[in-house]
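Structural characterization, general
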Amino acid sequence: MRSLSRLLVLIGFVFAAVACQSADALPTAIPTAGLPVATNTAAASSLPPTRDIASTPTPLPPTPTATLRPTTTPTPVVAPILSLTTPAEGETLFIGQSVEVSGFVHGTPGMTVKVGLTSATGLSLATVDAAIDTNTWQATLNVPPFVSGAGTLQVVLLASDGSELARDSVPVVLGVDAEQEEVSYMALSRPATGDMVVAGHYLFFDGRLQAAGGGRVTIALLMDDCQNEVAGYTFSLRGSSYWQAYVIPPRDVSGPGCAVATVGSPGEEGWRAAQVAVEVLARNDPEAVGVMIANPVAGRRLTGGDTITVNGVAYNAPGGEVQVAVMLANGRIIGESAVEAGASGYWELEVTLPVDVEGEASITATLGDPDNPVAQASNVFTLSPGGNP
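In short, a report on the structure. (Residues numbered from 1 in each chain as written. Predicted model: local features only at pLDDT ≥ 70, side-chain atom pairs only at ≥ 80, totals over all residues. Heavy atoms only, no water.)

1. A few points about the overall build of the protein chain
What counts here: By definition, any uninterrupted DSSP run of H or I lasting at least four residues is a helix, any uninterrupted run of E lasting at least two residues is a strand, and each is numbered from the N terminus. Exposed residues in this analysis have more than 50% of their type's maximum accessible area, buried residues have under 20%, and partly exposed residues fall in between, with area computed by a 1.4 Å probe over protein chains only. Any two residues having at least one pair of non-hydrogen atoms within 4.5 Å are treated as being in contact. All accessibility values rest on the Shrake-Rupley procedure with a 1.4 Å probe; residue burial counts only the protein chains present in the view.
Tallying secondary structure elements over the protein chain gives two helices and 25 strands in all. When the 389 residues of the protein chain are sorted by exposure, 38% land in the buried category. Here the analysis covers contacts within the protein chain between residues at least 6 apart in sequence; of these, 64% occur between residues at least 24 apart. When the accessible surface of the protein chain is summed, it comes to about 23,400 Å², and 55% of that surface belongs to carbon and sulfur atoms.

Here it is in structure tokens:
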């Protein structure tokens, strides 16, 4: 026991010596910040491995987007619009009277609308400023008595500087009111628009001059936009009168033209004119085949017992002949013959009318076989018994 006690004391001494040496060898501990202790090793091991920065491309900064400045949307430019709706195409405007003209317009402030009337030959007859009301315009135009026949009504939209922006027009007829006896005028009943006119063939004019003092009348065919006279004739009238005359167009003309009759000159007191648009066919045109009756004029009253001259124009008559027949309404033939058409197409036949008949009668002129005519024309006139007016 005594030996065991000594052994225990010796072991204790050894432990004490070792403890003293350890305490002298370690420095004083510095308190450290506490790190979180991983309590879940599985969660810690699931973190992604550290990336190799050297092998990973550095992302580029986003491209800056340009900030657009707010802009003003431009107002669409609308082309000016102008139309003429009244009067209608082909309507008759009586000379010496006024007419209401109107239509639609779309433009900008400062624009003006002007209305004008021109003749077939391009003469300006009248102009007037129109009143604009929102999208419409209207004007009252006085139709002068200077020119009758074909005309054009025009309307023009002008900018503030006078430049033309839009235009519209319609063809019209400048008519004559025969009941207006105080209005002097020149009028043409033939040729009319659509009548056949052929180069080198007679062109008959039928008209009336209403003028107390009469005057020197000139008839003419104008070509080249109705500016150049290619055929003409002048004669005198002592007063108001119906008249008839003719010209022969040159053999080498063709195309659009104007048949005109005038007394006086533009700008002179008493100047009057009638103008009709015509189409002159070439002499060898396949369509230039036909016949017309110049006399007696349709609707004329004739007296029984008189001898009349029936005449007209044949255009390229086959064989150069025209079959002419004059008959009463009951079918009785009072004159019939084949007559020759001259080089310029003129033909005529003298017929003596019965004394004791009255009523309607007719004249028929035929080219080719009467049962299968190439062309044909007819006029109806009235017969009065001989001795009556």
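2. Description of the sheet that holds strand E18 (residues 290-295)
Note the following rule: Whether two strands pair depends on DSSP finding at least two bridges between them. Every axis corresponds to a line fitted to the C-alpha atoms, with the helix fit spanning only the stretch in contact, and the corresponding angles, defined between N-to-C directions, vary from 0 to 180 degrees.
On the basis of which strands lie adjacent, the open sheet formed by three strands has the order E18-E20-E23 and antiparallel pairing. In the strand order of this sheet, the two ends are held by E18 and strand E23 (346-352), each with one partner. The sheet shows a mean angle of 25° between the axes of neighbouring strands, taken without regard to direction. Bridge count for E18 against strand E20 (residues 307-315) is five bridges, and the pairing is antiparallel. Within E20, the position partnered with Asn295 by the bridge is Asn311.

3. Thoughts on unusual backbone geometry
For the bond running from Thr86 to Pro87, omega is 5°, close enough to zero to count as cis. Its place among the elements puts Pro87 in the loop between strand E1 (81-86) and strand E2 (92-94). Cis geometry marks the peptide bond from Arg190 to Pro191, where omega comes out at 0°. Counting through the fold element by element, Pro191 comes out in the loop between strand E10 (185-190) and strand E11 (197-198). The phi angle at Asp225 is positive, at roughly 60°, despite the residue not being glycine. In the Ramachandran plot, Cys226 falls in the positive-phi region, its phi being about 60° despite a non-glycine side chain. Its location among the elements puts Cys226 in the loop between strand E13 (215-223) and strand E14 (228-237).

4. A look at the packing of aromatic side chains
Let me state the cut-off plainly: Paired rings are identified among Phe, Tyr and Trp, the last through its six-membered ring, by centres lying within 6.5 Å, and are further divided according to the angle between planes into stacked (under 30 degrees), edge-to-face (over 60) and tilted (the rest).
Per the counting criterion, the structure on display carries seven aromatic pairs. Aromatic pair Tyr202 and Phe204: ring centres 6.1 Å apart, planes at 35°, arrangement tilted. Relative accessible area serves as the criterion here: at 16%, Tyr202 is assigned to the buried category. Consider the rings of Phe204 and Tyr246, whose centres lie 5.7 Å apart with planes at 50°: the pair is tilted.

5. Description of the nonpolar core
Threshold: Only buried Ala, Val, Leu, Ile, Met, Phe, Trp, Tyr and Cys residues count toward a nonpolar core, and they belong to the same one when joined by side-chain atoms within 4.5 Å.
Counting residues in each nonpolar core, the largest one holds 30 residues, and the members touching the most others are Trp137 and Leu153. Mapped onto this core, the elements with two or more residues apiece are E1, strand E3 (98-106), strand E4 (112-119), strand E5 (124-129), strand E7 (136-142), strand E8 (147-158), strand E9 (164-175) and E10. If you look at the next biggest cluster of nonpolar residues, it comprises 27 residues, including Val324, Val357, Ala365 and Phe381.

6. Observations regarding the layout of surface pockets
Over the atoms a probe the size of a water molecule is rolled, and this reveals where empty space is left. Applicable threshold: For each structure, a 1 Å grid was placed over the protein atoms alone; sets of points admitting a 1.4 Å probe that cannot get out are labelled cavities, open sets with protein on both sides within 12 Å along at least five of seven lines are labelled pockets, and lining residues have an atom within 4 Å of a point. Grid points are joined across faces, edges and corners, and a volume is the space filled by probe spheres set on the points. Only Asp, Glu, Lys and Arg are considered charged, only Ala, Val, Leu, Ile, Met, Phe, Trp, Tyr, Cys and Pro nonpolar, and every remaining residue, Gly among them, polar.
Of the pockets and cavities examined, the largest pocket occupies roughly 260 Å³. Taken together, 15 residues form the lining of the largest pocket, with Leu222, Val260, Thr262, Pro266 and Gln275 sitting closest to its centre. Elements that contribute at least two residues to the lining of the largest pocket include exactly E13, strand E16 (255-263) and strand E17 (272-281). Of the residues contributing to the lining of the largest pocket, the split by class is eight nonpolar, six polar and one charged. Estimates place the volume of the second largest pocket at around 220 Å³. The wall of the second largest pocket is formed by 17 residues, among which Gly149, Ala150, Thr193, Gln275 and Val276 lie closest to the centre. Elements that contribute at least two residues to the lining of the second largest pocket include exactly E8, E9, E10 and E17. No other element matches the five residues that E8 contributes to the lining of the second largest pocket.

7. Things to note about the state of the cysteines
Test applied: The definition used for a disulfide is geometric: two cysteine sulfur atoms within 2.5 Å.
Here the structure, examined in full by the defined rule, presents one disulfide. Each sulfur in the disulfide pair Cys226 and Cys258 lies 2.0 Å from the other. Between Cys226 and Cys258, the S-S torsion sits near 75°, and that sign places the bridge as right-handed. Residue Cys226 is located in the loop between E13 and E14, and its partner Cys258 is located in strand E16; the two are separated by 32 residues in the primary sequence. The same class applies to Cys226 and to Cys258, which are both buried.

8. Quick word on the sheet that holds strand E24 (residues 359-369)
Sheet architecture is open: five strands sit in the order E19-E25-E24-E21-E22, paired in mixed fashion. The open sheet is flanked by strand E19 (301-303) and strand E22 (333-340), the only strands paired with a single partner. Between one strand and the next, the sheet's axes are offset by a mean angle of 30°, whatever the strand orientation. Sheet topology note: the strand E21 (residues 321-328)/E24 ladder contains six bridges and is antiparallel. Bridge assignment links Leu328 to a residue of E24, and that residue is Ala361.

9. A closer look at the environment of Pro191
Among the residues examined, Pro191 registers a relative accessible area of 3% and is labelled buried. Along the sequence, Pro191 and Ala277 sit 86 residues apart, while their C-alpha atoms lie 9.0 Å from each other. If we skip the residues at most four places from it in the chain, Pro191 touches Leu203, Phe204, Phe205, Ala259, Val276 and Val278.

10. Section: the pattern of salt bridges
Note the cut-off: Note on definitions: salt bridges are taken to be side-chain nitrogens of Lys or Arg within 4 Å of carboxyl oxygens of Asp or Glu.
A full pass over the atoms with the stated rule returns three salt bridges. A salt bridge links Lys114 to Asp129; the nearest nitrogen and oxygen atoms lie 2.4 Å apart. Within this pair, whereas Lys114 is found in strand E4, its partner Asp129 is found in strand E5, the two being separated by 15 residues in sequence. When its relative accessible area of 38% is taken as the criterion, Lys114 is described as partly exposed. Note that Arg190 is salt-bridged to Asp206, the shortest N-O span being 2.8 Å. A residue pair is termed long-range when its members are at least 10 positions apart, and Arg190 in strand E10 and Asp206 in strand E12 (residues 203-210) qualify at 16 residues. Given a relative accessible area of 2%, Asp206 falls into the buried group.

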